[in-house]
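# Observations on the model geometry
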Amino acid sequence: MIDNIKITLRRFNSDLSKNPNLESHGKSFGSEIYRLYNHEGEDKEIYLLLKYNPEKQVLKIENSIRKWHLGGFSLLDLTEKSVNRAFEKISKKLGITIDEFRKATFTQCEIGLNIRTRIPVEDIVPMIVRYSTFKRYQFGFETVGFNGTDLDLKMYDKCEELLEHNKKYDKKGKRKAFKALSDRNYNFFRIEFNMFDKQSFINKDLSHIKNIGHILDNYLELYSFWAKEMSRVVLLNKLVMSKEMTPKQYVLARVLEIDGFTSFERNCLKRGKGNISSRIINEALEVIHCFSNPIRYNTNKFKLDILKNLKRIKGKEEDLDINLLTKNLFHSSDSIN
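Now for a description of the structure that goes with this document. (Residues numbered from 1 in each chain as written. Predicted model: local features only at pLDDT ≥ 70, side-chain atom pairs only at ≥ 80, totals over all residues. Heavy atoms only, no water.)

### Details of the overall build of the protein
- In terms of regular secondary structure, the protein is built from 14 helices and 12 strands.
- Computed over its C-alpha atoms, the radius of gyration of the protein comes to 22 Å, within 12% of the 20 Å expected for a compact globule of 337 residues.
- Summarising its shape, the C-alpha atoms of the protein cover approximately 75 × 45 × 40 Å along the three principal directions.
- A burial count over the protein gives 50% of its 337 residues as buried.
- Taking contacts inside the protein between residues at least 6 apart in sequence as the whole, the part at least 24 apart equals 66%.
- With the model as given, the accessible surface of the protein reaches about 17300 Å², and the carbon-plus-sulfur share is 48%.
- Here the protein carries 59 positive and 45 negative side-chain charges, and the mean point of each set is 2 Å from the other. (Helix = DSSP H or I, 4+ residues; strand = E, 2+ residues; numbered from the N terminus. Rg over C-alpha atoms; globule rule 2.2 N^0.38 Å. Buried < 20%, exposed > 50% of the residue type's maximum accessible area, 1.4 Å probe, protein only. Contact = heavy atoms within 4.5 Å. Areas by Shrake-Rupley, 256 points an atom, 1.4 Å probe, with all protein chains shown as cover. Lys, Arg positive; Asp, Glu negative; His and termini not counted. Charge placed at Lys NZ, Arg CZ, Asp CG, Glu CD.)

Below, the structure written as structure tokens:
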């Protein structure tokens, strides 16, 4: 679940220049800069970035906890047990207790999972047309995302990202292994929410999560948040022109088929008044929900792929409530409001 995160430890008093676990990288704006490399070593360049201001006794830690603990090529995500081990390892290398580390606060935080899908990611990306009322963007056929005021949603081809970012690291032939996975239709879709700050957590009914200790104590709740937000993602592929459609639904379906949802939504918001635009967009979402081709890949099949992966995760997260996650995932949240 937890990936990139920005952590702040206050009242931290230590001479990090004497810490054998750290590599110094000079100073910047009054702070000493260090790198804490993971078990793969310096050559792999997977590290936590440390910025320490000795005058203010403030230590800031950045970068991916997941990659640092599990490895640069790993497709695994941090479970409740492994995230505890990761933070315990970091605190030990810093020479403090885990109880002290639990008091650290955080700002930006990514919450995500790698999901295996039944069809290639490049086929799914163009279909993903909506998440809440956020502004959509797309890079090629590998990445799609939505920008909001307090959080972002980003979804991308994880195998392609690993191949691209690890071109120069192939000492053990891992790139070839990932290429083989990709060629054999093992599709891994990275889906992550980037929470900008504390307000992001407050707005999503997670106001009780304020520090690292709260993350560890409420880790399983992050799955519920993730699943609930994924219920708001809409895919548009083929619509079935059914006799059960009303004349208005038929017109909406035709327009969606010609323009696509993104252009349709943009035109509605540009030309219509607020309430009227919202009503028409909701009616279009209802058409997508009711008349998506059941044979083709659609929103429901996407959610079933997600649920299958959550059930796999249950094998490692024994206390994960699959019934609750299923309810959150399939909860209808397509309304614009």
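### Section: helix H2 (residues 80-94)
- Between its first and last C-alpha atoms H2 spans 22 Å; for 15 residues at 1.5 Å apiece the expected length is 21 Å, and the two agree.
- Those residues of H2 not exposed but buried are Ser82, Val83, Ala86, Phe87, Ile90, Ser91 and Leu94.
- A positive backbone phi angle near 80 degrees is found at Gly95, which sits one or two residues after H2. (Expected span 1.5 Å × (residues − 1).)

### Some words on the environment of Tyr297
- Turning to its location among the elements, Tyr297 is positioned in the loop between helix H12 (274-291) and helix H13 (299-314).
- For the pair Tyr297 and Asn237, spaced 60 residues apart in the sequence, the C-alpha separation amounts to 7.2 Å.
- Setting aside its immediate chain neighbours within four residues, Tyr297 contacts Thr117, Arg118, Ile119, Ile124, Met127, Leu235, Asn237, Phe302 and Asp305.

### Observations regarding the nonpolar core
- Formed by 74 residues in total, the largest nonpolar core has its most connected members in Phe101, Tyr223, Trp226 and Met230.
- Sequence-distant contacts of Met230, that is, excluding residues within four places in its chain, are made with Met155, Ile191, Phe193, Phe302, Lys303, Ile306 and Leu329.
- Counting residues in each nonpolar core, the second largest holds 17 residues, with Phe261, Ala284, Val287 and Ile288 among its members. (Core = buried A, V, L, I, M, F, W, Y, C linked by side-chain atoms within 4.5 Å.)

### With respect to the side chain of Ser132
- Structurally, Ser132 is set in the loop between strand S7 (128-131) and strand S8 (135-139).
- Residue Ser132 is classed as buried on the basis of its relative accessible area, which comes to 11%.
- Here the side chain of Ser132 touches Arg232 through a polar contact of 3.1 Å, side chain to side chain. (Polar contact = N/O pair within 3.5 Å; in protein donor to acceptor, adjacent residues only side chain to side chain.)

### Brief notes about the pairing of S8
- In this structure, S8 lies alongside strand S9 (residues 143-147), joined through 5 bridges in antiparallel fashion. Bridge pairing in S9 links Arg136 to Phe146.
- Here S8 folds back onto S9, and the loop between the two strands holds 3 residues, one of which, Gly140, carries a positive phi near 55 degrees. (Pairing = 2+ DSSP bridges.)

### Considering the packing of helix H10 (residues 247-259) against H12
- Packing of H10 against H12 brings their axes to within 10 Å, and their N-to-C directions diverge by 85 degrees. Judged on the interaxial angle alone, H12 and H10 are roughly perpendicular. Residue-level inspection shows Lys248, Gln249, Leu252, Ala253 and Leu256 of H10 in contact with H12, the latter providing Arg279, Ile280, Glu283, Ala284, Val287, Ile288 and Phe291.
- Among the residues making up the contact of H10 with H12, the classes are represented as 8 nonpolar, 1 polar and 3 charged. (Axes fitted to C-alpha atoms, helices over the stretch in contact; angles between N-to-C directions. Parallel < 35°, antiparallel > 145°, perpendicular 65-115°, else oblique. Nonpolar A, V, L, I, M, F, W, Y, C, P; charged D, E, K, R; others polar.)

### With respect to the packing of aromatic side chains
- The full count for this structure, using the stated rule, is 12 aromatic pairs.
- A centroid spacing of 5.5 Å and a plane angle of 85 degrees characterise the contact between Phe12 and Tyr52, whose relative ring orientation is edge-to-face. Placement of the pair is Phe12 in the loop between strand S1 (2-10) and strand S2 (23-28) and Tyr52 in strand S4 (residues 47-53), with a sequence separation of 40 residues.
- Here Tyr219 and Tyr223 contribute two aromatic rings whose centre-to-centre distance is 6.3 Å and whose plane-to-plane angle is 85 degrees, an arrangement assigned as edge-to-face. A residue pair is termed a helical-turn pair when its members lie 3 or 4 positions apart in one helix, as Tyr219 and Tyr223 do in helix H9 (residues 219-230) at 4 residues.
- A relative accessible area of 1% means that Tyr223 is categorised as buried.
- Through a chain of ring-to-ring contacts, three or more aromatic side chains come together here, namely Tyr131, Phe134, Phe146, Phe193 and Phe225.
- The ring of Tyr156 has Lys154 lying over it, and the distance from NZ or CZ to the ring centre is 5.1 Å. (Phe/Tyr/Trp six-rings, centres within 6.5 Å; stacked < 30°, edge-to-face > 60°. Lys NZ or Arg CZ within 6 Å of the ring centre and 35° of its normal.)

### Side note on H9
- End to end, H9 covers 18 Å across 12 residues, agreeing with the expected 16 Å (1.5 Å per residue, within 8%).
- A large share of H9 lies buried, amounting to 10 of its 12 residues.
- Buried within H9 are the following residues: Tyr219, Leu220, Leu222, Tyr223, Ser224, Phe225, Trp226, Ala227, Glu229 and Met230.

### Observations concerning the pairing of strand S11 (residues 187-195)
- Of all 9 residues in S11, 9 are buried, a share of seventy percent or more.
- The alternating pattern of S11 places Asn187, Phe189, Ile191, Phe193 and Met195 and Phe188, Arg190, Glu192 and Asn194 on opposite faces, both of which are buried.
- Bridging between strand S6 (residues 105-117) and S11 involves 9 bridges; their strand directions are antiparallel. Looking at S11, one finds that Gly112 is bridged to Glu192.
- With 7 bridges connecting them, strand S10 (residues 151-157) and S11 associate as antiparallel partners. When the bridges of S11 are listed, Tyr156 appears paired with Arg190.

Geometric descriptors of this kind do not, in isolation, establish any biological role.
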